[in-house]
Amino acid sequence: MANGYSLRMIELLMAGVVLLGAGVCWAAGRQIVSFPESGQTVTFLRDGQTYLELSASGWGPGWSHLGLRGQAEQGPDGSHLVSRAKVNTGAELTYTIDARPAGERQLALNVQLASDQDTELTMAILGLSLGQAFTGGRVEVAGADGAETTVELPLARKGLGQAVKSFTLIDGQGERTTFTFAEPVAITSDRDARIVLAERLAAEQPVEVGLTIDMPAELTYYAGAEAVPQAEGFDQWYPWAPKEDYAADSEIGLADWLDAPAGRHGRIIRDGDALLYNGQPIRLWGLNVCYSSCAPDKALAERRAAFYAKYGVNAVRLHKYADGTGWAGIQSPGSFVEFDAEGLDRMDYFIAQLKQHGIYVKLSSTFTVKLGPDDRAAVPYIDEFGPLRDSEKGRVGTGHGSVFLSREIQDLQITQIVKLLNHRNPYTGLTYAEDPAIAFVELFNEDSALFFGTLSRLQKIPTLRQRAGEMFFAWLKDRYGSEQALLEAWGERALNSFGTEGLVGESWEAGFIHPAGNPWFYDPDQLAGSQAPKRQRLMDTMLFLYQLQNDFYDRYVQAIREAGYDGQIIASNWQAGRAFSHYYNLHSDYRIGTIDRHNYFGGGGGGAKINNATMLRTPGSGMLSSGLQQVADRPFMLSEWIHVLPSEWGVEGPALIGAYGMGLQGWDVSFMFQNRDDGGFLDRIAGTWEVSAPQIMGVFPAVARQVLRGDVAESDLLAPRYVHVPSLHEGKLGFDDQATQDADVKTFGGRTVPPQALAVARCVIEFTDAYRDTPPFDLTPYIDGETFRSATGQLAWTAGQERLDGHVTVNTPATKAVIGFAAGQTCTLDAVTITPASRFAAIYVTARDSGATVAEGENLLIVAMARARNTGMKVYDDSRILARGQAPIVLEPVQARIVIDRPGEATVHVLDHDGARTGRTIPVVDGAIEIDTARDQTPYYLVSYAE
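About the criteria used
Counting of residues starts from 1 at the beginning of each chain's written sequence and follows it residue by residue. In view of the model being predicted, local features appear only for residues whose pLDDT reaches at least 70, and side-chain atom pairs are presented and counted only at 80 or more, with totals across whole chains, interfaces and linings using the full set of residues. Excluded from the side-chain calculations are hydrogens and water; all other atoms, namely the structure's heavy atoms, are used. Only DSSP runs of H or I reaching four residues or more are called helices, and only runs of E reaching two or more are called strands; each is numbered from the N terminus. For the radius of gyration, the atom set is restricted to C-alpha positions; the globular benchmark scales as 2.2 Å times the number of residues to the power 0.38. Each accessible area value is a Shrake-Rupley result obtained with a 1.4 Å probe; residue values ignore everything except the protein chains displayed when judging cover. Both cavities and pockets are sets of points on a 1 Å grid over the protein atoms alone; in a cavity a 1.4 Å probe fits but cannot get out, in a pocket the set is open with protein on both sides within 12 Å along at least five of seven lines, and lining residues sit with an atom within 4 Å of a point. Grid points are joined across faces, edges and corners, and a volume is the space filled by probe spheres set on the points. When residues are grouped by polarity, Ala, Val, Leu, Ile, Met, Phe, Trp, Tyr, Cys and Pro land in nonpolar, Asp, Glu, Lys and Arg in charged, and all others, Gly among them, in polar. By convention a nonpolar core is built from buried Ala, Val, Leu, Ile, Met, Phe, Trp, Tyr and Cys residues, the set being connected through side-chain atoms within 4.5 Å. Relative accessibility thresholds used throughout: buried, under 20% of the residue-type maximum; exposed, over 50%; partly exposed, between the two (1.4 Å probe, protein chains only). Note on definitions: a residue-residue contact is assigned when non-hydrogen atoms from the two residues lie within 4.5 Å. On a range of 0 to 100, pLDDT expresses the predictor's confidence in each residue. Strands pair, by our definition, only if DSSP identifies at least two bridges between them. To obtain each axis, a line is fitted to C-alpha atoms, and for helices this fit is confined to the stretch in contact; angles are then taken between N-to-C directions over 0 to 180 degrees. Take a side-chain nitrogen of Lys or Arg and a carboxyl oxygen of Asp or Glu: if they are within 4 Å of each other, that pair is a salt bridge. Between the rings of Phe, Tyr and Trp (Trp by its six-membered ring), a pair exists once the centres lie within 6.5 Å; its type follows the angle of the planes, with under 30 degrees stacked, over 60 edge-to-face, and the other angles tilted. Our definition puts a charge over a ring when NZ of Lys or CZ of Arg is within 6 Å of the ring centre and also within 35 degrees of the ring normal. To estimate how far a helix should extend, the number of its residues minus one is multiplied by 1.5 Å. We score Asp and Glu as negative and Lys and Arg as positive, and we do not count His or the chain ends.

Student: Explain the overall build of the protein chain here, please?
Tutor: Helix and strand counts for the protein chain come out as 17 helices and 55 strands. For the protein chain, whose C-alpha radius of gyration is 29 Å, the value lies close to the compact-globule estimate of 30 Å for 947 residues. In terms of principal-axis extent, the alpha carbons of the protein chain reach across some 85 × 70 × 65 Å. Accessible area of the protein chain: about 33500 Å², with a carbon and sulfur share of 47%.

The following block contains the structure:
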């Protein structure tokens, strides 16, 4: 098209938010693949996407979750899955699933459930979840009595019936999958279908369900990991084996880039939207350490500090260091506000080591307040939160939302951090309040009065419910003056309208009205639809809770300042739905200082599933979309983010956040999330959030250089959205706002300023003094076909055509890079041309030294990183791990042709995994460098013009 838009790009922009990983269209009749994914799950894939999943699951009495654990075994005819779980009655349940092919398109299953003693259950089930292919589909149900019904998808809570003989799923393409049962079964639903196995069990009287599944296409069933062929080319992946001697010379090291000790020139200060140190802008590139790992033994503290410094990490977020005792942190056995002396001493030493290496610290003490036995005097209603549990070292959690409703809990949180700030670190000689290496204090992790937890606390905690009702009534009385005025504003139906949520007894005479609501109720679609009768009530509730949150934050900040701390303070790092509640919450954080947010991408939660999507497919997507919460005159921080293992495309995370977040968008601070590390790289991929996996931290020698040096320019072009906080109460926002959330994974967007704008210009919220409509941001001048070019001219993001597609180029004086699916593309970056031969990789050419450029630096680094797997890992279609494998980790080879057009003769040294010269070189032929990391057994090269 003449303006550079393709039809597909217009569709993406109109949608505003693109859901990555959604199934692409598949050809009718294409093969379906199935296998046991764990000891309780059988998965069916089509085109690499989940088609169906069958999983043993259930709940004990009172909906107590059954934490099933088990394994799958491969037999000569099929699979044998066994999983077990303890019920809160003391009974042990055993699920067995035998699965075998029964025809070209058929799988037969026999499911048994047994208990070692008589037990009540809420429900034991075989759960059936449906993939994206069933969007817009339906279910045809045949009952045991011969009756036939049709149920539209999605199921929600419709159920299929109490005596189902068979049902047929009809997907969005009209293809049919039929489940037939040997005996009729009850099938309920709550989004997923629930094939009910039992609601009570007698000892030694197992329940058995037999069924066959007839698929719409040929079925390939892998009975176990051994049956799955290894990925093509996996034998060429090479082992990752750094020696990790941090005192040894290294061409990739960055320790001398850090200005040590941290804070030697004084505090990091805030100047508008920038953080300054010693009069100059500073970027902090960091990671998290959590729980008791914040207080390591002294040898590990020293090793970590050296490890982090070598890879350019100049900030560490100590997270949940006082969340409990033992593994949970440095609290004393008795109280939330007291510290274990030995644990505190270890944390003191760790902070001193970090400081000595030029690494700043952010204090993030807890994840909800967890009370100990000695806190009963401060919180006399402690028993309402539940028993003090031995499993939590004599603690009881107060839950999300409580801190905003309870002055007592607030005071405990404030007391805890003030005690630490007043504590003198014997290894630095300074109190925490005095030490400029303590760059940030975070008030509270991942909570908001406007999120879901507040309503849950009103429902569950009588004292908080009573107090909140009284506070809200007093606020309403001050606002409206009389019951008549309130009812005229709210409408007669709004009072006592949360009975379904169990909140009753509201009246003006009793002086009691619940501040009830959550992001679902606050959503503009609901306020104009199902919640229209109580719209004004909910608008008042949001304003009240916003002010309540502000009151807590203000008291907390005052106490911190009175303790002598004059560094940066962060409020919280969560969000509260979209539109009105979202921007009340953002403004509450804005009042305190730097805006901090969390986001993740990928997934599997440590299990077998991989979210085999890539952020590269859609510009501005995934974690980058968090930038739509950046505020014009505040610094911005992303303090938790990572590709969740076992996602395979993790190298794109540092690459994109480093270039677009910390560069083009002008973000100031990044902390990648992990719980702990041993002061070196992983030797086996096994966790969920691991910065020290080689495909993550192994690219830091390039990305951290780029970030710390400020290679990517911040955009002068702004894509603003205007928010007038008083107008939120009137339901006026002035632009389209979208947000989706699946636990920690969030996506933000809208049509007025779509997330693709993050690939082009700096996107900011401006809190204004008067209401203003936000004009749509015009992306047209920056789009060339499928490529979005930044306003600075340094970055180009080519959108993907398929689920695993898309690439980015970086072209700055000191860093040239190609990231993503760019095989066969000739990427000309001024005097550097990179032509990848590999399907996927991040390939960097970067000046080694801090003040150098690619055109003039004596030494350049080439860093070439792709995916990482364990030795022997079995992965089907880049989407499911069927066998995790063992150490060592192996790296996917990267091949590329690199031409550097500059004067002088280059010598290309092969570096080892620590960045030391190996004594080997590779030739430069006609100005071209042919890298092959499998041939050279390394991702690192030094290009020297000084020899």
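Student: Looking at this model, I keep getting lost on empty space enclosed by the protein. Mind explaining?
Tutor: In this approach, a probe sized like a water molecule rolls over the atoms, and the result shows the empty space that is left. Enumeration according to the criterion identifies three cavities of 30 Å³ or more in this entry. Computed from the structure, the largest cavity encloses a volume of approximately 60 Å³. Every residue lining the largest cavity is listed: Leu-645, Pro-646, Ser-647, Glu-648, Ile-685, Gln-695, Arg-867, Ala-868, Met-873 and Ile-881. Each residue belonging to the lining of the largest cavity can be placed in one class, and the counts come to six nonpolar, two polar and two charged.

Student: I'm lost on the nonpolar core in this one. Help?
Tutor: For soluble globular proteins, nonpolar side chains are generally found buried alongside one another. Counting 226 residues, the largest nonpolar core has Tyr-308, Leu-318, Met-347, Leu-363 and Phe-700 as its most contacted members. Look past the residues within four positions of Leu-318 in its chain and what remains in contact with it is Val-289, Cys-294, Met-347, Phe-350, Ile-351, Val-361, Lys-362, Leu-363 and Ser-364.

Student: It is not clear to me how the confidence of the model for the protein chain should be interpreted in this structure. Could you clarify?
Tutor: Do not read the predicted coordinates in detail wherever pLDDT is low. Residues of the protein chain with pLDDT of at least 70 account for 95%, and the chain-wide mean is 93. Here residues 1–29 scores under 50 on pLDDT; set against residues more than four positions off or in separate chains, the count is 78 contacts. For residues 604–608, every residue scores under 50 in pLDDT, and the model assigns this stretch 16 contacts once sequence neighbours within four places are set aside.

Student: Any chance you could explain the sheet that holds strand S28 (residues 595–598) here in plain terms?
Tutor: Through backbone hydrogen bonds, the strands of a sheet pair up, either in parallel or in antiparallel fashion. One open sheet holds the eight strands; their spatial order is S27-S26-S23-S22-S21-S32-S30-S28, and the pairing between them is parallel. Unpaired on one side and paired on the other, strand S27 (568–570) and S28 mark the two borders of the sheet. Neighbour to neighbour, the strand axes of the sheet diverge by 25° on average, direction disregarded. The sheet contacts of helix H15 (residues 700–709) involve strand S21 (284–290) and strand S32 (669–672), and relative to S21 the element is tilted by about 125°.

Student: What am I meant to see in the sheet that holds strand S53 (residues 924–925) here?
Tutor: Spatially, five strands are ordered S42-S43-S50-S54-S53 in an open sheet, and the strand pairing comes out antiparallel. Each of the sheet's edge strands pairs with one partner strand only, and the pair in question is strand S42 (827–829) and S53. Two strands pair when backbone bridges link them, and S53 and strand S54 (residues 928–932) are joined in this way by two bridges, in the antiparallel orientation. From the neighbouring strand, Val-925 faces S54, where its bridge partner is Ala-928.

Student: Please explain the pattern of salt bridges as it appears in this structure.
Tutor: Scanning the model with the defined rule gives 47 salt bridges in all. The partner of Arg-264 in a salt bridge is Asp-259, and the shortest N-O contact between them spans 2.6 Å. Using a relative accessible area of 49% as the deciding quantity, one classes Arg-264 as partly exposed. Put simply, Glu-251, Arg-848, Asp-849, Arg-917 and Glu-947 are held in one network by salt bridges that share partners.

Student: Looking at this structure, I do not really get the layout of surface pockets. What am I missing?
Tutor: For the second largest pocket, the calculated volume is near 610 Å³. Residue lining of the second largest pocket: 30 residues in total, with Pro-281, Ile-282, Arg-283, Val-707 and Leu-708 positioned closest to the centre. Mapped by element, the contributors of at least two residues to the lining of the second largest pocket are strand S19 (274–277), strand S20 (280–281), helix H13 (652–664) and H15. For the lining of the second largest pocket, the leading source of residues is H15, giving four residues.

Student: Sorry, what's going on with the packing of aromatic side chains here?
Tutor: The geometry of two aromatic rings is summed up by the distance between their centres and the angle between their planes. The final tally for this structure, using the stated rule, is 44 aromatic pairs. Centre to centre, the rings of Phe-167 and Phe-181 are 6.0 Å apart; their planes meet at 35°, and the pair counts as tilted. Taken together, the residues span a long stretch of sequence, with Phe-167 in strand S12 (residues 161–170) and Phe-181 in strand S13 (residues 176–190) at a distance of 14 residues. Note on Phe-167: relative accessible area 1%, which makes it buried. Look at Phe-181 and you get buried, because its relative accessible area is 2%. Ring plane angle 80° and centroid distance 5.4 Å describe the contact between Phe-673 and Trp-689, whose orientation is recorded as edge-to-face. Of the two residues, Phe-673 sits in the loop between S32 and helix H14 (694–697) while Trp-689 sits in the loop between S32 and H14, which places them 16 residues apart along the sequence. With relative accessibility at 27%, the residue Trp-689 sits in the partly exposed group. Within the aromatic cluster, the residues linked to one another by ring pairs are Trp-240, Tyr-246, Phe-307, Tyr-308, Tyr-311, Phe-681 and Tyr-940. The ring of Tyr-771 has Lys-732 lying over it, and the distance from NZ or CZ to the ring centre is 4.3 Å. The ring of Tyr-722 has Arg-772 lying over it, and the distance from NZ or CZ to the ring centre is 3.7 Å.

Student: Even after reading the chapter, I still don't get helix H5 (residues 407–422), so can you show me in this structure?
Tutor: Each α-helix winds once per 3.6 residues, and so residues spaced three or four apart point in a common direction. Between the first and last C-alpha of H5 there are 22 Å, a value that for 16 residues agrees with the 22 Å anticipated at 1.5 Å per step. Taken as a whole, H5 has its buried residues at Glu-408, Ile-409, Gln-410, Leu-412, Gln-413, Ile-414, Gln-416, Ile-417, Val-418, Leu-420 and Leu-421.

Student: Looking at this structure, I do not really get the side chain of Asp-914. What am I missing?
Tutor: Along the chain, Asp-914 turns up in the loop between strand S51 (907–911) and strand S52 (917–922). Buried charge Asp-914 goes without a salt bridge, the closest partner of opposite sign being Lys-310 at 4.1 Å. Ignoring sequence-local partners within four residues, the contact set of Asp-914 consists of Pro-242, Lys-243, Glu-244, Asp-245, Ser-250, Ile-252 and Lys-310.

Student: Sorry if this is basic, but what is going on with unusual backbone geometry here?
Tutor: Glycine aside, negative phi is the norm for most residues, and most peptide bonds take the trans geometry. The omega angle of the peptide bond from Leu-153 to Pro-154 is 0°, so this bond is cis rather than trans. Along the chain, Pro-154 falls in the loop between strand S11 (148–152) and S12. Residue Pro-261 is bonded to the preceding Ala-260 through a cis peptide linkage, with omega at -10°. Tracing the backbone shows Pro-261 in the loop between strand S17 (238–239) and strand S18 (269–271). The phi dihedral of Asn-496 falls on the positive side, at around 55°, and the residue is not glycine. With respect to the secondary-structure elements, Asn-496 resides in the loop between helix H8 (483–490) and helix H9 (519–522).

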